[in-house]
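Observations on chain architecture
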Amino acid sequence: MFVTTAEKIEALRERSARAREPGSERARAKRAAAGLPTPRDRIDALLDPGSFVEYGALMRAPGGADNPYGDGVVTGRGTVDGRPVVVYSHDNTVFGGSLGEMFGRKVVAMMELAAKTACPIVGINDSGGARIQDAVTSLAFYSEIGRRQRLLSGLVPQISIMLGKCAGGAAYSPACTDFIVAVQDQAYMFVTGPDVLKAVTGETISAEDLGGATKQASYGTVHHVADSEADAFTWVKTLLGYLPSSCHESAPLVNPGLEPHLTDTDLGLDSFLPDSDNTAYDMHDIITKVFDDGEFHEIGSMYAPNVITAFTRADGRTVGVVANQPTHLSGALDIASSEKAARFIYICDAFAIPVVFLVDIPGYLPGLEQERAGVIYRGAKLLAAVIESTVPKVTVVIRKAYGGGYAVMGSKNLGADLNFAWPTARIAVMGAEGAVGLLKRREIEAAGEDGPKVRQKFIDFYNEFVATPYTAAERGYIDAVIEPSATRLEIRKALKLLADKTPEPLPPRRRSLLRPV
């Protein structure tokens, strides 16, 4: 039968229209009733207007003429702030957004495209996990995706946006990406969902308690909890603005050269710190004062809040900040905060982003619970990250820097390039109270009723002559003791000096085993 060109074009248009809304009427109605956008609407909310180019719209599972187009995922490329991005978005109206063979092939193709074009990949996740009716094929393609994640790891940024109930592989796969943002009261992540859990173990638990966005953020799996989908997309776009497109490029330069001289905000730092060593303050306030425009993009704020990890800018260039937070555990490091900081430093190192340490740490958190959970081994992950990272590293000791905490928070002996200290810094093996209790216990006991006065005298002596930044400066462990008001400009000058830093060569080997796992 003869078919005209016009008829062929009309057939294409008809197929394309079906591909735009491949789900059943019931599934589409359910989505509309929940007030949720389509996968293409979600992509449009992320990308620059009109920039999306779709690939694989007419792919579908073999074996049935009625199988829906797209196979449950929309894939393609576009731009964010004019910079290329590869993106895929699950379609929950097709097989519940579960992964089948064509779904897997499409995502794998996008990951390979991101590697070829050296640009970030963003996954918008709303999936039930592996497609049960596809049996081993769905599992095979989760494995194929995992292999491509290794290909992309450290090459380009990988970001996951969680917008629905994601179980099994749909949770494991995002967990292998660099950053995860989830929407409150909408996104859930778990190895097995509540229904399967009840059927297998008899345990009854809500989806929120099992793997809600806030729960997973408190476990360290999710790095930001968004109030809405719009907030999630905005957060990701801001994050991309701090990151390079790949490890072969530099992060965008934003408004360099602003405020090249001391400002009133700088001068305010001279009177910011409490006079008492034991009075808490919010380290966020210092971050806003020593970096550009008072802005920073925090990663993992709900997990291990005793350490702050964030992206910000110094003289227009992206830097990563690792800072102790005195308002939580007095800023002491524990297992969770060590692992959090280590992971962040590895990300900075992968994408050539300098790291600035802001230090106020009484040491590692003591106690049976930490020891039992492996603080020696797991806490050493931060030490390994500082040693292995080759990017410029600048340290500012604000107040306390005691014991192992001093060492791992960017000490010169672990490889930090330039180290500064405020005159308020106290650098020592331990705080005065602990040191005096160990070193002067007999003298204090012998003083009898005057013991408290003798003890205080020893503490004052220790603080004045031992735990000072000048002792460290005299031995070259601190490059300069600076006025707090000079911090912003000193960080700028230090990073400018270190801009062309060359990593120290190492002997040939297959790989380092220093990084604990």
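Fair warning: this is a prediction, and the values are worked out from it, not measured in the lab. (Residues numbered from 1 in each chain as written. Predicted model: local features only at pLDDT ≥ 70, side-chain atom pairs only at ≥ 80, totals over all residues. Heavy atoms only, no water.)

Side note on the overall build of the chain
Helix and strand counts for the chain stand at 21 helices and 17 strands. Across its three principal directions, the C-alpha atoms of the chain cover 110 × 55 × 50 Å. Considering the chain as a whole, with its 517 residues, one finds that 49% of them fall into the buried category. Carbon together with sulfur atoms contributes 55% to the accessible area of the chain, which is approximately 24500 Å² in total. Here the chain holds 54 positive side-chain charges and 62 negative ones, and the gap between their average locations is 6 Å. (Helix = DSSP H or I, 4+ residues; strand = E, 2+ residues; numbered from the N terminus. Buried < 20%, exposed > 50% of the residue type's maximum accessible area, 1.4 Å probe, protein only. Areas by Shrake-Rupley, 256 points an atom, 1.4 Å probe, with all protein chains shown as cover. Lys, Arg positive; Asp, Glu negative; His and termini not counted. Charge placed at Lys NZ, Arg CZ, Asp CG, Glu CD.)

Some words on a nonpolar patch on the surface
On the surface, Leu383, Ile387 and Leu514 cluster together to form a nonpolar patch covering roughly 210 Å² of accessible area. Of note, isoleucine 387 is situated in helix H15 (residues 375-388). (Patch = residues over 30% accessible without salt bridge, like charges linked within 9 Å, V, L, I, M, F, W, Y side chains within 5 Å. Salt bridge = Lys/Arg side-chain N within 4 Å of Asp/Glu carboxyl O.)

Some remarks on the pattern of salt bridges
In total, this model carries 22 salt bridges according to the counting rule given. Across the pair glutamate 144 and arginine 147 runs a salt bridge whose closest N-O atoms are separated by 3.2 Å. Remark: arginine 147 and glutamate 144 occur in helix H5 (residues 136-152); sequence separation between them is three residues, near one turn of the helix. You can call glutamate 144 partly exposed: its relative accessible area is 24%. Note on arginine 147: relative accessible area 54%, which makes it exposed.

A few points about the packing of aromatic side chains
Counted according to the given criterion, the structure contains four aromatic pairs. Both rings, one in phenylalanine 179 and one in phenylalanine 311, keep their centres 6.2 Å apart while their planes meet at 65°; by these two values the pair is edge-to-face. Taken as a pair, phenylalanine 179 in strand S7 (residues 179-183) and phenylalanine 311 in strand S11 (residues 307-314) lie far apart in primary sequence, 132 residues in all. For the pair phenylalanine 179 and phenylalanine 311, a shared accessibility class is recorded, and that class is buried. With a centroid separation of 5.0 Å and 50° between ring planes, the pair formed by phenylalanine 311 and phenylalanine 344 is classed as tilted. You can see phenylalanine 311 sitting in strand S11 and its partner phenylalanine 344 sitting in helix H13 (residues 335-350), a full 33 residues away along the chain. Residues phenylalanine 311 and phenylalanine 344 agree in their burial class; the two are buried. (Phe/Tyr/Trp six-rings, centres within 6.5 Å; stacked < 30°, edge-to-face > 60°.)

Quick notes on the side chain of aspartate 178
Along the chain, aspartate 178 falls in the loop between helix H6 (169-175) and S7. Buried and without a salt bridge, aspartate 178 has arginine 343 as its closest oppositely charged side chain, separated by 5.2 Å. Polar contacts involving the side chain of aspartate 178 include one to the main-chain amide nitrogen of glutamine 158, which spans 2.9 Å. (Polar contact = N/O pair within 3.5 Å; in protein donor to acceptor, adjacent residues only side chain to side chain.)

Regarding the sheet that holds strand S3 (residues 83-90)
Hydrogen bonding along the main chain pairs the strands of a sheet, whether they run parallel or antiparallel. Across the sheet, which stays open at both edges, the seven strands sit in the order S1-S2-S3-S4-S5-S7-S9 with mixed pairing between neighbours. Strands with a single pairing partner mark the edges of an open sheet, and in this sheet they are strand S1 (53-55) and strand S9 (224-226). Averaged over neighbouring strand pairs, the angle between their axes works out to 20° when direction is ignored. Across eight bridges, the pairing between strand S2 (residues 73-80) and S3 is antiparallel. Pairing of glycine 76 across the sheet is with valine 87, part of S3. Where helix H3 (residues 39-46) meets the sheet, it contacts S1, S2, S3 and strand S4 (121-125), and its direction lies at approximately 155° from that of S3. (Pairing = 2+ DSSP bridges. Axes fitted to C-alpha atoms, helices over the stretch in contact; angles between N-to-C directions. Contact = heavy atoms within 4.5 Å.)

Points about the environment of glycine 146
Positionally, glycine 146 belongs in helix H5. Residue glycine 146 is classed as partly exposed on the basis of its relative accessible area of 30%. In sequence terms glycine 146 and isoleucine 132 are 14 residues apart; their C-alpha atoms lie 19 Å from each other.

Re the environment of isoleucine 478
Mapped onto the elements of the fold, isoleucine 478 is located in the loop between helix H20 (469-474) and strand S17 (480-481). On the basis of relative accessibility, which here comes to 4%, the residue isoleucine 478 falls in the buried class. Once the C-alpha coordinates of isoleucine 478 and valine 396 are considered, the two residues, 82 residues apart in sequence, prove to be 9.2 Å apart. Contacts of isoleucine 478, omitting those with residues within four sequence positions, involve Val397, Asn419, Phe420, Ala421, Ile427, Pro469, Ala472 and Ala473.

Observations concerning the domain arrangement of the chain
According to the domain assignment, the chain consists of domain 1 (17-242), domain 2 (264-430 + 468-498) and domain 3 (432-466). Inter-centroid distance (C-alpha atoms) of domain 1 to domain 2 is 35 Å. Between domain 1 and domain 2, the residue contacts involve 19 residues of the former and 18 residues of the latter. A combined buried area of about 1500 Å² lies between domain 1 and domain 2, and 65% of that area is made up of carbon and sulfur atoms. Of all residues in domain 1, Phe179, His223 and Tyr242 bury the most surface against domain 2, accounting for 44% of the area lost on that side. Viewed at the interface, domain 2 and domain 1 are joined by zero salt bridges. Across the contact surface, domain 1 and domain 2 share seven residue pairs in polar contact (both at pLDDT 80 or more). Where the side of domain 1 that touches domain 2 is concerned, the elements lending two or more residues are helix H9 (213-219) and helix H10 (229-242). Looking at the side of domain 1 that touches domain 2, the element that brings in the most residues is H10, giving five residues. By residue class, the composition of the side of domain 1 that touches domain 2 is 10 nonpolar, eight polar and one charged. (Domains from an automatic or database assignment. Buried area = accessible area lost by both parts, 1.4 Å probe. Nonpolar A, V, L, I, M, F, W, Y, C, P; charged D, E, K, R; others polar.)

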